[in-house]
Amino acid sequence: MVSEKPHLGSQREPMEDDPDPDTRPLSMTTRRGPRSLPPIPSASRTGFAEFSMRERMREKLQAARSKAESALLQETPTPRPRRLQSPSKKELETEFGTEPGREVQRTQQEDDSQSYSRVKFRDSVRKIRSKPPVPPGFPSAEEAYNFFTFNFDPEPEESAEKPKARNRDGTNQEEEEGEEEEPPVQEGVNKMDEEELLNDKDAEDFLLGLDHAAGDLVAVGPADYKGVHARLQEKEILFVPSRLTVPAYKKLPENVQPRYLEDEGLYIGARPEVPRLTQNTVENRLLVQDPGRKWFGDDGRILALPNPTKPFPSRPPVLAQERDMKVELETLYKKAVRYVHRSKHMIGSGDSPGNFQLDIDISGLIFTHHPCFSREHVLAAKLAQLYDQYLARRQRSKATFLTDKLQALRNAVQTGLDPAKTHITQKAIKEYKSEIRQTRKLRDAEQEKDRILLKTIIKVWKEMKSLREFQRFTNTPLKLVLRKEKVDQKADEEAYEAEIQAEISELLEEHLEEYEQKMEEYRTAYQQWKAWKKAQRAKKKKKKQAVEEHLDEEAEEPYLGEDPVKPVPPEPTDRTAVEQQVRERAAQGRKKPGEPTLVPELSLAGSVTPNDQCPRAEVLRREDVKRRSVYVKVIFNEKEVSRTNSRPLGADFRVHFGQIFNLQIVNWPESLTLQVYETVGHSGTTLLAEVFLPVPETTTLTGRAPIEEVEFSSNQHVTLDHEGVGSGVPFSFEADGSNQLVLMTSGKVSNSVAWAVGENGIPLIPPLSQQNLGFRSALKRADAISSIGTSGLTDMKKLAKWAAESKLDPNDPNNAPLMQLISVATSGESYVPDFFRLEQLQQEFNFVSDEELNRSKRFRLLHLRSQEVPEFRNYKQIPAYDREIMEKVFQDYEKRLRDRNVIETKDHIDTHRAIVAKYLQQVRESVVNRFLIAKHHFLLTDLIVEEEVPNISSEGSGILGLSLFKLAEQKRPLRPRRKGRKKVTAQNLSDGDIKLLVNIIRAYDIPVRKPAASKFQQPSRSSRTFSEKHAASPATHSPSPSADYPVGQVLVRPFVEVSFQRTICHTTTAEGPNPSWNEELELPFRAPHGDYSTTSLQSVKDDVFINIFDEVLYDVLEDDRERGSGIHTRIERHWLGCVKIPFSTIYFQARIDGTFKIDIPPVLLGYSKERNVITERGFDSVRSLSEGSYITLFITIEPQLVPGESVREKFDSQEDEKLLQATEKFQAECALKFPNRQCLTTVIDITGKTVFVTRYLKPLNPAQELLNACPNNPQATAELLARYVSLIPFLPDTVSFAGICDLWSTSDQFLDLLAGDEEEHAVLLCNYFLSLGKKAWLVMGNAIPEGQTAYVLTREQSHYLIWNPCSGHFYGQFDTFCPLKSVGCLIGPDNIWFNIQRYDSPLRINFDVTKPKLWKSFFSRSLPYPGLSSVQPEELIYQRTDKAAAAELQDRIEKILKEKIMDWRPRHLTRWNRYCTSTLRHFLPLLENSQGNVEDDHRAELLKQLGDYRFSGFPLHMPYSELKPLIEAVYSTGVHNIDVPNVEFALAVYIHPYPKNVLSVWIYVASLIRNR
Amino acid sequence: MAAAGPSVFLLMVNGQVESAQFPEYDDLYCKYCFVYGQDWAPTAGLEEGISQITSKSQDVRQALVWNFPIDVTFKSTNPYGWPQIVLSVYGPDVFGNDVVRGYGAVHVPFSPGRHKRTIPMFVPESASTLQKFTSWFMGRRPEYTDPKVVAQGEGREGENTETEIPRVARLWLCPAQLTLFCPQ
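Here goes a summary of the coordinates provided. (Residues numbered from 1 in each chain as written. Chains lettered and ligands numbered in written order. Predicted model: local features only at pLDDT ≥ 70, side-chain atom pairs only at ≥ 80, totals over all residues. Heavy atoms only, no water.)

Once that is clear, we can look at the overall build of chain A. Tallying secondary structure elements over chain A gives 47 helices and 40 strands in all. Looking at chain A residue by residue over its 1572 residues, the buried ones come to 42%. Relative to all contacts within chain A whose residues are 6 or more apart in sequence, the contacts with residues 24 or more apart total 73%. Element-wise, carbon and sulfur atoms account for 54% of the exposed surface of chain A, whose accessible area totals about 89,600 Å². (Helix = DSSP H or I, 4+ residues; strand = E, 2+ residues; numbered from the N terminus. Buried < 20%, exposed > 50% of the residue type's maximum accessible area, 1.4 Å probe, protein only. Contact = heavy atoms within 4.5 Å. Areas by Shrake-Rupley, 256 points an atom, 1.4 Å probe, with all protein chains shown as cover.)

What follows is the structure, given as structure tokens:
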């Protein structure tokens, strides 16, 4: 209330329509009715009574007022007046224009104060009325008194109003009251409801309080009339803006044409839709209101935003109102503090002094010139400098950038020319074009610079080279290598041509423009000229007339200007000329198309000539260099604070200090200087140079500060008396002393200065106040890079720069994404993309595009290696650079990929086998993929060596049991036994770790030499065997069968040669047919690709060849007389036979121990077997069959490798579940009794399913051809079948399939694949025998050397025969040389019998399966045979092999083998004896037919034909699988090793085709030496 | 340089096996070896070494100090397969058998400078209590077929059945200073 007072007063003050000016001062002073005295119409007339009356009245009023006030306070605690104020005000405004009549009475001054006072008044009236309970109609005592005592004014209204407005304070109030009385309804319409209500109440109040009739109120209200004058006045005040369009000139400053930005190509957003009329109104109003025209744009329209909506919500500014003032926004008073000025060199006492630390790291010094530089050094420094420059340029790659820019500009022009989206104006295009021109020039300049730089580098390098050559020593290790980066010739040429064409067209355009311009000029000039001409003519005419008229006018005649010459039209530009020009320039500045890019690479790989090879002057120079040493002083604020150690100057003029000085400082550093001093010998030091270091920024801290190189140079003059060029002294490279150079000592100090970081990570930097802030900030402003940091400059910057340069309209929405990108990139703000990405950071981490990554050879190599692609699985040291990877690395792999579907016949020779090989390869790959997971699976035992659980009963590992006994064992037993070795897992092995140990013990029945030579050959001295004469060792145990064999002569001198992976070892030579060597040979083993994993080792296909040779010594002495003084013999070796053991067998068996039959060629010329030895052996009926030579071997691998575990995986099966359970039970029972005996019930077929094994056995028909061969002899037929089966190549499953999973293929699959291991062979042979009506079983057991294998057992009339299906040999049951050593179980077509006899050797067991005590059968009475169907086909279909193909193959093999033999003899001439070859070729079919029993005839025939030659050779026989084994076999015989100068060779191949493409290959190799 | 063969970078490691903390054991010696990837090859120095037997110090630290130097240089073309040093500590048990006391591996530090590494050591545990006893009795504790497996991830899942007990053992390897430089 109180606060309201002045407000109200001030509001009232300017009231205009005060009808009574007298009351004004009163109203000013009294202000308010209820409080003040009643108005005194005339003060002079006031009497005492009147006064007392008044007094009383005042008291009453006072009381009433206070009551009313308290009531009011109770009623309206809220700031009600404010609420009332605003609507009334508003209404006033709205009424303004529409109700002019009323406006006069109620101006804007009528506001809350009035209504408020009214309310007050009414309230008080109500209070008063309720207080004196005067009955209506009767005046109170006071009223009565007043009525009678007052001097009434004559106005009747006054008297009438008097009772109701006792407290009236002035006419103003009165008038207002009247007004209110009169139109209560009208007022109510305008006011708010509340007020309306009040007004109604008021009216009621009046009515109640005064008991007036309605008619009275109407009558007393003042007339609602406004005078004309007032109305006119009002009209002047009011303003109605016109709705007419405002002419443009009014809106613009004088003499200014409206400017339309849109037409100038600037982007103007669409203006919001506003009705034209409204616009006009606003414009008119603005024009009148504000003549400043600031609301109008250049085009004369009201300025408007394209979109008035603000993108961001913004708070309106907070009005400075006391009530809204927030605490935090309040200003606080702070006492002024005097600024304490601190000197920048003094630390205030508040700071901890001296804790700041500056770390100065002086890492080294490089002289770019030094007096002791030799000429070469000068060049080297120059080269290094140029190279640095080159590197820097390349990093900046300005040319590329400009090229890109050029491209971008051209694109921009292209799009600009496109009429479809031509928002780019012609002007912009023009600008682009000029830009293009400029950029092109810049680009050309850059390219030329690059080229020149490169040329200079090469030139300097050449100079250096020639200098080195000239001085004949090298001083610097610098070496420049120019690497050629091949470019795609065609693409390059195209790009080159396109570039030239673009340039030409641009130039042409440019020229055309120029031409046009000139033409224009010409035209105007011509016009002028013409006009002038005309005028001239006219003048002339005139003149003629004039001459006649006035002659004196002639003086005026001469034209003021000189005669316009007839303009010459400009010449159009010639395209060819332009092209010529462009091409010339291109040829100059650019590299030629297709020319490889030269990338120089500087390295320090060269070698420096040692001192003793240098001339004296150079040695002197080097010694001088050695005497010099350099140190660096650190000067801080002009005081030396520390110095480095004195270090000798290196030969490369680099000094390495590597010292860090920690400067504990108290002051902000003023200067930091390094002084470089040089000491020569023991004489004084000289100051070379001073280097000023900048004080580091506060952000450079130790550890993060980069090493910087600061250059220095000195102006000292040094002349030296040796090779050193000196400093400041002119010298020249030329011989004639021209081209002199003067070089000053200069160099670079690499150093870093940084602020140290304290222990708690706080940098030890003097406070900022100490720094010269003004200077620094100025620096920052000047240099953007120093303020932002170089890291901020990315390509974005370039883009932004480009955008700025190319004048992109930043307001154009089409450019908005680009602009946003730039703004984001430059300001570092993030933006929200309008798409969603799952791996949103992927893009950031992709440092190159995917295509680029895939193109990278190195990445590809790494990828392939990690995929364990066989070719790359063990690739070592993948080069670090792409360019170092040879393309040929991938060749094999790519070829393999390519060939996967292409049948390659080169390696396989016949197509069928090639197809099979492919098929096998594919099956293998799929199986490999299947077992890939299992491969990386290790068992605990693979990793950890741990004793097994002690078990007394178990034989091997019982620690407590056996190991205790072991303690009692003899240290050196009489019969030592081989001890088990530690097994080594094949995971950490490398080349050279694994060795193959071959122990060759003894051999039996080696063929002996036949004394044939004496019989058929002409006795010749030179061919007499040396041993015949000189060897004296008696072979008593081998009685000579031949009469003409001299007693005591050596029959044979065999030695054994073991070859494995082309490594060859051989034993010493023993003597006699039953030699004993007992020697151990050690052969290194290399895994393919250096991969020693189990899988890789399993798939090693190499064979160990154990060859037995006879060593023959020939006396080569030509003259008998020399025999006394010297011995000249030549050693020849004759191959006798071999044993071939696959590595895989050794690997799986771990050791191979036993006696093996030597594979002796059927024809061994000059040798024969001693048959009488055989008679001692075993069974008569099979005696002749098992004849042969034997060798006892022990083979093992050191260290012992753990063969891969079989795949621990359960295969699904289609067998009956019961049957499977039974097999498990059966196997468990068998394993319990005889854990070492093999028991086989189920096998895995080629599709990976478990199949019951008997399903594989079923009578299958052999080829009719074979049956027809010898129809009368069943034994011969059986042998032929065995031979046929053995001719199918052997290929262990482990080789073809990674992991040990023994896959059984059915016989037809086997015949199709033409490869398989023992099981397949055995199954096929067994099936054949079954079809022949024999009783045949599959024998599962152990054999040497195969280990666990399958043989075939047949029952002949009285005995059993054991067939080796892989060799085709058969043995009697009691043959001691039978390779089958133990029998686990027998498998027939309908049952399985497990061997439960005590022994398992075939010699000691009974094969009668009907005895249940000896054989435990699978199907018995409890589990009858359910009649399982076979998996084998009904019958086998045989195709006859194409004879022609076989013949062709034969020729090819022969050719290849001949080539190979020639390859193996690189240093000798290899001659082929055609005659002998053809003889052999004829002979080979005989061998096939008779299977090698033609020896004698053959020999006789051969000798007859080749009488003059000493012949050594033999036929080899093997099944044909592929070429490699054949080559290996021929190689292993060593026929090619003969290096007698006149040796000739013969080689014949014969292939005998059997049905189903089974080929028997015979190779006859022989060497012939002519006897002369 | 390009002609001379693939560019390589060299990693020179020198340092020493400083000491160990095996409070329960005494008279231990240690072996070290390096495990590295296919692209790595040692060029100089010894990649394997076996230290002297050391006794515990008499003070409270009870440290086993070897100060056994390591100095080896590798070359490589590829940071993949960064060398790891594998340490294995052996010592006599109650019966005087030489048994393994701990295995541990750590990568050679990637940045040049002095680095100190503490390697926690562990030994494989017997699979069963009975085996534990017998192995103790026979002096044949379970050990890795090759100490290098501790530096390899492959196949370690096979050790699920076995527990590795970390010893309260600390081994200091310091300082492995390495220099990286790439010719060209």
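From this point, the discussion proceeds with the structure in view.
Turning our eyes to something else, we now look at the overall build of chain B. Assigned secondary structure in chain B consists of one helix and ten strands. Counted from the first residue to the last, chain B has its helices and strands arranged as β-β-β-β-β-β-β-β-α-β-β. Sorting the 184 residues of chain B into buried and exposed places 49% on the buried side. Taking contacts inside chain B between residues at least 6 apart in sequence as the whole, the part at least 24 apart equals 74%.

Residue and element names in this part refer to chain A. Structurally, the position occupied by Phe1419 is in the loop between strand E36 (1415-1417) and helix H44 (1443-1464). Once the C-alpha coordinates of Phe1419 and Ala1222 are considered, the two residues, 197 residues apart in sequence, prove to be 9.6 Å apart. Residues contacting Phe1419, with those up to four places away along its chain left out, are Leu1219, Phe1252, Asp1390, Asn1391, Pro1424, Tyr1425, Pro1426 and Leu1428.

Our focus in this paragraph is the pairing of strand E38 (residues 1509-1519) of chain A. All names here are of chain A. In terms of burial, E38 is largely enclosed, as nine of its eleven residues are buried. Sheet topology note: the E38/strand E40 (residues 1558-1570) ladder contains eleven bridges and is antiparallel. Residue Gly1513 lies in a different strand from E40, and its bridge partner there is Ala1566. (Pairing = 2+ DSSP bridges.)

This paragraph deals with the nonpolar core. Residues and elements named next belong to chain A. Ranked by size, the top nonpolar core spans 78 residues in total, and within it Leu996, Ile1106 and Ile1191 carry the most contacts. By residue number, the principal contributor to this core is strand E21 (residues 1103-1115), which donates seven residues. Formed by 55 residues, the second largest nonpolar core is a distinct cluster that contains Val1251, Val1253, Val1323 and Leu1361. (Core = buried A, V, L, I, M, F, W, Y, C linked by side-chain atoms within 4.5 Å.)

Another point: a nonpolar patch on the surface. On the surface, Val94, Phe95, Leu130, Phe133, Trp136 and Phe137 of chain B cluster together to form a nonpolar patch covering roughly 640 Å² of accessible area. On the accessibility criterion, Phe133 of chain B (46% relative accessible area) is partly exposed. (Patch = residues over 30% accessible without salt bridge, like charges linked within 9 Å, V, L, I, M, F, W, Y side chains within 5 Å. Salt bridge = Lys/Arg side-chain N within 4 Å of Asp/Glu carboxyl O.)

On to unusual backbone geometry, then. For Asn1078 of chain A, which is not glycine, the phi dihedral falls at a positive 50 degrees. Looking at where Asn1078 of chain A falls in the secondary structure, it is placed in strand E20 (residues 1076-1084). A relative accessible area of 54% places Asn1078 of chain A in the exposed class. Look at Asn67 of chain B: it is not a glycine, yet its phi comes out positive at around 50 degrees.

Residues and elements named next belong to chain A. The end-to-end C-alpha separation of H44 is 31 Å, in line with the 32 Å expected for 22 residues at 1.5 Å each. Within H44, burial applies to Ala1446, Leu1449, Gln1450, Ile1453, Glu1454, Leu1457, Lys1458, Ile1461 and Trp1464. Residues of H44 that are buried sit in contact with strand E37 (1471-1472), helix H45 (1474-1490), helix H47 (1523-1533), strand E39 (1543-1554) and E40. (Expected span 1.5 Å × (residues − 1).)

Take the environment of Ala151 of chain B next. Residue and element names in this part refer to chain B. Tracing the backbone shows Ala151 in the loop between strand E9 (143-144) and strand E10 (164-181). Separated by 44 residues in the primary sequence, Ala151 and His107 have C-alpha atoms spaced 8.8 Å apart. Ala151 has contacts with Val35, Gln84, Val86 and Ala105, leaving out every residue within four places of it along the chain.

This part takes up the pattern of salt bridges. Residue and element names in this part refer to chain A. Counting across every chain of the model gives 25 salt bridges over all chains. For Arg628, the salt bridge identified is with Glu678, shortest N-O distance 3.3 Å. With Arg628 in strand E4 (residues 628-636) and Glu678 in strand E8 (residues 672-680), the pair connects residues that are 50 residues apart, well separated along the chain. The class for Arg628 is buried, based on a relative accessible area of 6%. Arg643 is the salt-bridge partner of Glu640, the closest N and O atoms lying 3.1 Å from each other. Judged by relative accessible area, which is 38%, Glu640 ranks as partly exposed. Arg643 gets classed as partly exposed once you look at its relative accessible area, which sits at 39%. Among the charged side chains, a network of salt bridges with common partners joins Arg393, Glu446, Lys449 and Asp450.

Geometric values such as these leave the question of function open.
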